[in-house]
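Structural features, examined
Here is what each chain is made of, one letter per residue.
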Amino acid sequence: MLPVVVVHGGAGHIPKERSERSTSGVCAAARSAYAVLKGGGSSMDAVVEAVTLLENNPSFNAGCGSVLNVKGEVEMDALVMEGKTLSSGAVSAVRNMANPIQLARLVMEKTSHACLTAEGASRFARSMGVPEVPLESLITDYSRMRWKKNLAPDANPVECQMGKMGTVGAVAVDADGNVACATSTGGMLNKMEGRVGDTPCIGSGGYADNMSGAVSTTGHGEAIMKVTLARHILFHMQQGQSAEAASDLGLAHMKSRVGGLGGVITVDPQGNWAARFSSQQMAWAAAQTDVLHYGLYTGEHFTQVIDAQ
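Residues numbered from 1 in each chain as written. Predicted model: local features only at pLDDT ≥ 70, side-chain atom pairs only at ≥ 80, totals over all residues. Heavy atoms only, no water.

Moving on to the overall build of the chain. Helices and strands together make up the secondary structure of the chain, namely nine helices and 13 strands. Here the C-alpha radius of gyration of the chain, 17 Å, is about what a compact globule of 309 residues would show, namely 19 Å. Along the first, second and third principal axes, the C-alpha atoms of the chain reach 50 × 45 × 40 Å. Burial statistics for the chain: of 309 residues in total, 59% are counted as buried. Relative to all contacts within the chain whose residues are 6 or more apart in sequence, the contacts with residues 24 or more apart total 65%. Entry remark: accessible area of the chain is about 12,100 Å², with carbon and sulfur atoms responsible for 53%. If you average the places of the 24 positive and of the 28 negative side-chain charges in the chain, the two averages end up 5 Å apart. (Helix = DSSP H or I, 4+ residues; strand = E, 2+ residues; numbered from the N terminus. Rg over C-alpha atoms; globule rule 2.2 N^0.38 Å. Buried < 20%, exposed > 50% of the residue type's maximum accessible area, 1.4 Å probe, protein only. Contact = heavy atoms within 4.5 Å. Areas by Shrake-Rupley, 256 points an atom, 1.4 Å probe, with all protein chains shown as cover. Lys, Arg positive; Asp, Glu negative; His and termini not counted. Charge placed at Lys NZ, Arg CZ, Asp CG, Glu CD.)

Strand order in this open sheet of nine strands is E4-E3-E2-E6-E5-E1-E11-E12-E13, and the pairing throughout is mixed. Sheet topology places strand E4 (115-117) and strand E13 (302-305) at the edges, where each strand pairs with a single neighbour. Here the average twist between neighbouring strands, direction ignored, is 10°. Strand direction decides the pairing type here: strand E11 (residues 281-288) and strand E12 (residues 291-297), joined by six bridges, are antiparallel. Bridging across to E12, Gln 288 finds its partner in Val 291. (Pairing = 2+ DSSP bridges. Axes fitted to C-alpha atoms, helices over the stretch in contact; angles between N-to-C directions.)

Another point: the UniProt feature "binding site: substrate" (unreviewed entry) in the chain. As annotated by UniProt and renumbered to match this structure, "binding site: substrate" (unreviewed entry) occupies Arg 195, Val 196, Gly 197, Asp 198, Thr 218, Gly 219, His 220 and Gly 221. Inspection of the secondary structure assignment puts Gly 197 in the loop between strand E6 (179-185) and strand E7 (206-209). Sequence-distant contacts of Gly 197, defined by excluding residues within four places in its chain, comprise Asp 77 and Met 225. Mapped onto the elements of the fold, Gly 221 is located in helix H7 (residues 221-226). On the basis of relative accessible area, Gly 221 is assigned to the buried category, the value being 3%. Those residues in contact with Gly 221, other than ones at most four positions away along the chain, are Arg 195 and Asp 198. (UniProt positions renumbered as here; feature names shortened; annotations may be inferred.)

Where burial is concerned, most of strand E10 (residues 273-277) is hidden: four out of the five residues are buried. Summarising the sheet, strand E9 (residues 262-267) and E10 pair through five bridges and their orientation is antiparallel. Within the sheet, the bridge partner assigned to Thr 266 lies in E10 and is Ala 274. The antiparallel pairing of E9 with E10 creates a hairpin that spans five residues between the two strands, and Gly 271 there sits at a positive phi of about 105°.

On to the side chain of His 232, then. Relative to the helices and strands, His 232 is located in helix H8 (residues 229-238). Within the structure, the side chain of His 232 is placed 3.2 Å from the side chain of His 236, a separation counted as a polar contact. With near-sequence residues (within four places) excluded, His 232 lies in contact with Val 227, Gly 250 and His 253. (Polar contact = N/O pair within 3.5 Å; in protein donor to acceptor, adjacent residues only side chain to side chain.)

Before going further, it helps to examine the nonpolar core. If you look at the biggest cluster of nonpolar residues, it comprises 54 residues, and the most contacted ones within it are Val 5, Val 7, Val 47, Val 80 and Leu 103. If you look at the next biggest cluster of nonpolar residues, it comprises 34 residues, including Val 173, Ala 230, Met 254 and Ile 265. (Core = buried A, V, L, I, M, F, W, Y, C linked by side-chain atoms within 4.5 Å.)

Once that is clear, we can look at helix H9 (residues 243-258). Helix length check: H9 (16 residues) gives 22 Å between terminal C-alpha atoms against 22 Å at 1.5 Å per residue, within 8%. Taken together, the buried positions of H9 are Ala 243, Ala 246, Ser 247, Gly 250, Leu 251 and Met 254. For H9, the arc enclosing every buried residue in end-on projection is 130°, short of the 170-degree limit, so these residues lie on one face. The elements touched by buried residues of H9 are H7, H8, E9 and E10. A positive backbone phi angle near 70° is found at Gly 259, which sits one or two residues after H9. (Expected span 1.5 Å × (residues − 1). Arc of directions from axis to C-beta.)

Written as C-alpha cells, this is what we have:
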C-alpha cells in the first residue's frame with residue numbers, strides 16, 4: 001500500500017475548456033511526487049514537489065495562476081505539515097514568490113515559528129536566498145479578465161469563485177509510514193487586501209498526524225475555517241472511521257452547519273486514501289502500487305498503469 005500520494009487541484013465548477021488542463025495537471029503532479037517517493041524521498045518531499053508543479057501551472061489558483069484581490073494584485077497563502085513531530089510551516093499574503101509552498105517549508109525547517117505573513121515573510125525569503133519574481137509574472141490574462149468582471153456592482157465573487165480552479169494540495173505517506181500535507185492558494189477572487197483564508201491555518205487548510213492521517217482541503221475558505229475541516233475529518237478517523245467516511249462526514253457537517261461547499265483529499269498511515277467533494281467538481285489524482293487514479297466529477301474514477309521510467 002505504501003508509498004502513496006494524492007493531489008487535488010481545487011473544488012468548484014471548472015469551465016469545460018479548462019477541465020482537461022486541470023486533470024492533466026493533477027495527474028502530472030501525482031506522477032512526479034510518486035517518483036520522489038519511489039526514489040526514497042520523504043512524504044514532505046513528495047507533497048512539496050506536487051504542489052510546486054501545480055503552483056507553476058497557470059491552470060490553478062496558486063502560484064502563477066493566482067486570482068487577484070480587489071486591487072488587482074496577487075496575495076498567496078501556503079501550508080506544510082508533517083505527521084511525525086507535528087511540525088508545520090505556513091506563509092500568508094505573500095506577493096513576489098513563484099512557489100509559496102517552498103517558503104512555507106523553509107518556515108518549518110529554518111525558524112521556530114509556524115507562520116510568517118506579508119512583508120515579514122518576504123524579508124525571511126530574501127534572507128534565505130529565495131529569488132523574488134515580478135508581480136506581473138504571476139498574473140494571467142484569465143485572472144485579470146475575471147478580476148475586471150467581478151468589479152461590476154452586480155457581481156457575486158463567491159459564486160464566480162467556482163469558475164476558477166481553486167486551491168491546490170497534496171497528501172502522502174512514505175515508505176516509513178510518515179504522513180504529510182501541503183496546501184497552496186491565491187485565495188478568493190476579488191478579496192479584500194490582506195484577506196487570509198483557511199489554507200495557511202493548521203487544522204483548516206490541512207493537517208497531518210502519524211496517529212491518524214493527513215488531509216488537504218479546498219473550497220470556501222471562511223466556511224472551512226469555521227469547522228476546522230481538516231482536523232474535523234481526522235477526529236472522525238481517530239474514532240475509527242475510514243478515510244472516505246470521515247471525509248464525507250466532515251464535508252456534510254460543513255454543508256449543513258455553515259452552508260459551505262468544498263473538497264478534501266485524505267490518507268491514513270496505512271495508505272488508504274480518499275478524494276471527496278461536495279462541489280460540482282474537483283480535479284484529483286492519486287498514485288499507489290504503480291497505478292495512477294484520477295477523476296473530476298462525482299463518482300468518476302479512472303486508472304492508468306504508471307510505467308517505470
